[in-house]
Amino acid sequence: MVVVLLIPIANNAWISLHEWSLVGDEAPRFIGLDNYVEILQTPRWRNTLLRTGLYVVLTVSAQVLLGFLIALLLHRHFPNAKVARMLLLMPMMISEVVVGNIWRLLLNFNGGLFNWFLGLVGIDPVFWLGPGRAFWSVVAVDIWQNTPFVTLVLFAAMQTLPSELLEAASIDGARRWQQVRSVIMPMIQPAFLLVLMFQTMFAIRSFSTIWLLTEGGPGNETSLLAIDVFRAALQSYDVGLGAALSWCLLLLSLGITILYIRWLKRDPLV
Amino acid sequence: MTHSSDTTRRRRLNVGRIWAFVVLAALIFIAVFPILWLVLTSVMPSNLIMRSDPTLFFTPTLEHFREIFGSGREAITTYLVNSIIVTLVSTICAVFLAVLAAYGIARIRPRGHAQLSLLILTSRMLPPVGLVVPLYLIASQSGLLDTHLALILPYIAINIPLATWMLQGFFMDLPKELEEAAMIDGCGQVAAFFRVMLPLAGPGIAAVSVFCFVLAWNDMVLALPLTLREAVTLPPFMSQVRQEEGVAWGQLGATTVVVMAPVVTFTLAVQRWIVSGLTAGAAKG
């Protein structure tokens, strides 16, 4: 069964070494690593790599920070509020395509709720998915959808902490922030690393939501790696380049997985 | 003296608690309202949608659902049927194969099964986008492009690893003695598996089925390149709606609710077992 997945992936690597266009009659031509060189040298593709990096850093750091603060709020004040927790986790339960359509409704220029709200406070409507804003909008939507997962994992980790530990800390005169920093944070470090890996993996491959919202536009402003795989292979019919782009994505994901597995093996606590 | 400092502390605590409530309420609003707005849009009369003065008070209507399930131009029936066929067939096949594989791994424990689970997990971690180009080429060369099979096969392949990994955890949890007792009572190995072990693993199998269902049902990454007209499922259909002039928001909202409803229902139904399934697989992998 692993073979079923690994053969196409290997095939993908082979394709990526060819100049291979689906238009015209030209046979695929072996060009070695030229596709990869092109990705690194052409500003168009290099910007995609950088943009994907920026996207991952922005979304993951915001998700982990917000997710941690929300988990802390739940842990401290509402540890038994099951319904509240379930409601907070709603964005995580719906799929990327649904998220895409929800935000198409809200961010629409004519009659979207966001522009109506701006109107209430006397600001002119804004093209949320237009030039200069689209990137930040899709970043915000990603944070909206994926922060709940961080909250879930970190909250679960906090719940397993023995309460004596915090009591001991507060008897010793530790202030709240000190408790958080020197007791809670080190104790849930494994959970932190887990969500960090998961969120990074999923941020790198972001596709469906952005495709629904902008299709990578305006221009290339929201073109991440996964989006450009589609644009190169299925819109420009340059399958060699598309395969090379998707291999960049695979290599990044593989690198993160290996890092995580090595870290798992090193740390016996997990 | 002590008394007064006690009351100030209590007052401060109360203020903190009120703030916590306010923040929690705001967070819940942010999390839930967009979803609620989608559901509201799907039952909102057309003339009220996307107005410059939105309202929460209106008589709900099912007109959009009638349109998308009707026989007119905006019907989604074809895509819905495609989605159902592709999802059900791939889920049933993947779960069936995964049950066999997981039972084998859990019972026989072949050498290196720990490494095997690691490999399974790693392959599940790889982004499906990496499959887009080769699968597209294979599908167009073999004539499978735009058929149900073009989606069913990759969904099975993608789902089997995680399903096997989760199920082997469930099977390892079941005491071997039960099966042996059944065999002493005259069951063969196969009968013991079907009549004793399989029913016991029921909750686990339900949870795993939901996992496979959700992946196939929601997938757009493979469905977009591998379908053109005949086999288009709901997610790629929704992505095409945007290119037409003037999106019919009510119908789009209703379609999105149709896509969302089964996933949320099933996920809530098996939530408990999903968590235990993942941890069981992790602890005993």
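The name given to chain B in an unreviewed UniProt entry is Carbohydrate ABC transporter permease, with Jiangella asiatica as the source organism. The Subcellular location (unreviewed entry) field of the UniProt record for chain B holds the comment "Cell membrane". Taken verbatim from the UniProt record of chain B, the Sequence similarities (unreviewed entry) comment is "Belongs to the binding-protein-dependent transport system permease family."

A. Quick peek at the overall build of chain A. Within chain A, the secondary structure is distributed over 14 helices and two strands. Taken along the three principal axes of its C-alpha coordinates, chain A extends 75 × 55 × 35 Å. Looking at chain A residue by residue over its 270 residues, the buried ones come to 53%. Counting every atom, chain A has about 12,700 Å² of accessible surface; 66% of that belongs to carbon and sulfur. Looking at chain A, you have 17 positive and 16 negative side-chain charges, and the mean spots of the two groups are 11 Å apart.

B. Spatial organisation of the packing of aromatic side chains. All names here are of chain A. Considering all chains together, one arrives at 19 aromatic pairs over all chains under this definition. On the basis of an interplanar angle of 40° and a centroid distance of 5.4 Å, the ring pair of Phe68 and Phe192 is categorised as tilted. Here Phe192 lies in helix H11 (residues 189-204) and Phe68 lies in helix H3 (residues 43-77), a separation of 124 residues in the sequence. In this structure, Phe68 and Phe192 share a single accessibility class: buried. Just above the ring of Phe202 sits the side chain of Arg205; from NZ or CZ to the centre is 4.6 Å.

C. Quick look at the side chain of Asp142 of chain A. Residue and element names in this part refer to chain A. One can find Asp142 in helix H8 (residues 134-159). Of the buried charged residues, Asp142 lacks a salt bridge, with Arg205 as the closest side chain of opposite charge at 11 Å. Aside from chain neighbours lying at most four places away, what touches Asp142 is Tyr55, Thr59, Gln63 and Ser206.

D. A look at the UniProt feature "transmembrane region" (unreviewed entry) in chain B. The sites that UniProt annotates as "transmembrane region" (unreviewed entry) are residues 18-40, 79-106, 118-139, 151-171, 192-217 and 248-270 of chain B. Here residues 151-171 of chain B is 100% helix and 0% strand, with 29 Å between the C-alpha atoms at its ends.

E. Region of interest: the environment of Ile35 of chain B. Within the secondary structure layout, Ile35 of chain B lies in helix H1 (residues 2-42). Along the backbone, Ile35 of chain B and Met260 of chain B are 225 residues apart, and their C-alpha atoms lie at a distance of 9.9 Å. Apart from residues lying up to four places away in sequence, Ile35 of chain B is in contact with Met90, Pro91, Ile94, Ile102 and Trp144 of chain A together with Met260 of chain B.

F. Molecular detail of helix H10 (residues 176-187) of chain A. All names here are of chain A. Across its twelve residues, H10 extends 15 Å between first and last C-alpha, which sits within 8% of the 16 Å expected from 1.5 Å per residue. For H10, the set of buried residues is Gln179, Val180, Val183 and Ile184. End-on, the buried residues of H10 take up no more than an arc of 125°, which puts them together on one face. Exposed residues lying more than 90 degrees from the buried face of H10 are Trp177, Arg181 and Ser182. Looking at the buried side of H10, the elements it contacts are H3, H8 and helix H9 (163-171).

G. Representation of the side chain of Thr233 of chain B. Within the secondary structure layout, Thr233 of chain B lies in the loop between helix H10 (223-226) and helix H11 (234-241). Given the relative accessible area of 5%, Thr233 of chain B is considered buried.

H. Seen up close, the packing of H9 of chain A against H10 of chain A. All names here are of chain A. Between H9 and H10, the least distance of the axes is 10 Å, while the angle of their chain directions is 160°. Here H9 is positioned roughly antiparallel relative to H10, judged by the angle of their axes. The handedness of the crossing between H9 and H10 is right-handed. Residues Leu165, Leu166, Ala169 and Ser170 of H9 pack against Gln179, Val183, Ile184 and Met187 of H10. Looking at the contact of H9 with H10 residue by residue, the class counts come to six nonpolar, two polar and no charged.

I. Geometry of the nonpolar core. The biggest cluster of nonpolar side chains holds 178 residues, and the ones touching the most others in it are Ile94, Trp103, Leu154, Ile188 and Phe207 of chain A together with Leu167 and Phe171 of chain B. Among the elements that line this core, the one with the most residues is helix H6 (residues 148-173) of chain B, at 14 residues. Two domains each donate at least three residues to this core, and these are domain 1 (2-67) and domain 2 (77-284) of chain B. Leave out the neighbours within four places in its chain, and Phe171 of chain B touches Val99, Ala102, Tyr103, Ala106, Arg107, Phe193, Met197 and Ala201 of chain B.

J. Here's a closer look at helix H4 (residues 113-125) of chain B. Taking 1.5 Å per residue as the helical rise, H4 of chain B with its 13 residues ought to reach 18 Å, and the 18 Å between its terminal C-alpha atoms agrees with that figure. Among all positions of H4 of chain B, only His113, Ser117, Ile120, Thr122, Ser123 and Met125 of chain B are buried.

K. Summary view of the interface of chain B and chain A. Taken together, the contact between chain B and chain A spans 68 residues of the former and 68 residues of the latter. Here chain B packs against chain A, burying approximately 6,000 Å² in sum over the two surfaces, 81% of which is carbon and sulfur. Linking chain B with chain A are zero salt bridges. The interface formed by chain B and chain A holds five residue pairs in polar contact (both at pLDDT 80 or more) in total. Those elements giving two or more residues to the side of chain B that touches chain A turn out to be H1, H4, helix H5 (129-142), H6, H10, H11 and helix H12 (249-284) of chain B. It is H1 of chain B that provides the largest number of residues to the side of chain B that touches chain A, a total of 18 residues. Across the side of chain B that touches chain A, the residue classes break down as 51 nonpolar, 13 polar and four charged.

The rules behind the values
- Residues numbered from 1 in each chain as written.
- Chains lettered and ligands numbered in written order.
- Predicted model: local features only at pLDDT ≥ 70, side-chain atom pairs only at ≥ 80, totals over all residues.
- Heavy atoms only, no water.
- UniProt positions renumbered as here; feature names shortened; annotations may be inferred.
- Helix = DSSP H or I, 4+ residues; strand = E, 2+ residues; numbered from the N terminus.
- Buried < 20%, exposed > 50% of the residue type's maximum accessible area, 1.4 Å probe, protein only.
- Areas by Shrake-Rupley, 256 points an atom, 1.4 Å probe, with all protein chains shown as cover.
- Lys, Arg positive; Asp, Glu negative; His and termini not counted.
- Charge placed at Lys NZ, Arg CZ, Asp CG, Glu CD.
- Phe/Tyr/Trp six-rings, centres within 6.5 Å; stacked < 30°, edge-to-face > 60°.
- Lys NZ or Arg CZ within 6 Å of the ring centre and 35° of its normal.
- Salt bridge = Lys/Arg side-chain N within 4 Å of Asp/Glu carboxyl O.
- Contact = heavy atoms within 4.5 Å.
- Expected span 1.5 Å × (residues − 1).
- Arc of directions from axis to C-beta.
- Axes fitted to C-alpha atoms, helices over the stretch in contact; angles between N-to-C directions.
- Parallel < 35°, antiparallel > 145°, perpendicular 65-115°, else oblique.
- Left-handed = near helix turned anticlockwise from the far one by under 90°.
- Nonpolar A, V, L, I, M, F, W, Y, C, P; charged D, E, K, R; others polar.
- Core = buried A, V, L, I, M, F, W, Y, C linked by side-chain atoms within 4.5 Å.
- Domains from an automatic or database assignment.
- Buried area = accessible area lost by both parts, 1.4 Å probe.
- Polar contact = N/O pair within 3.5 Å; in protein donor to acceptor, adjacent residues only side chain to side chain.

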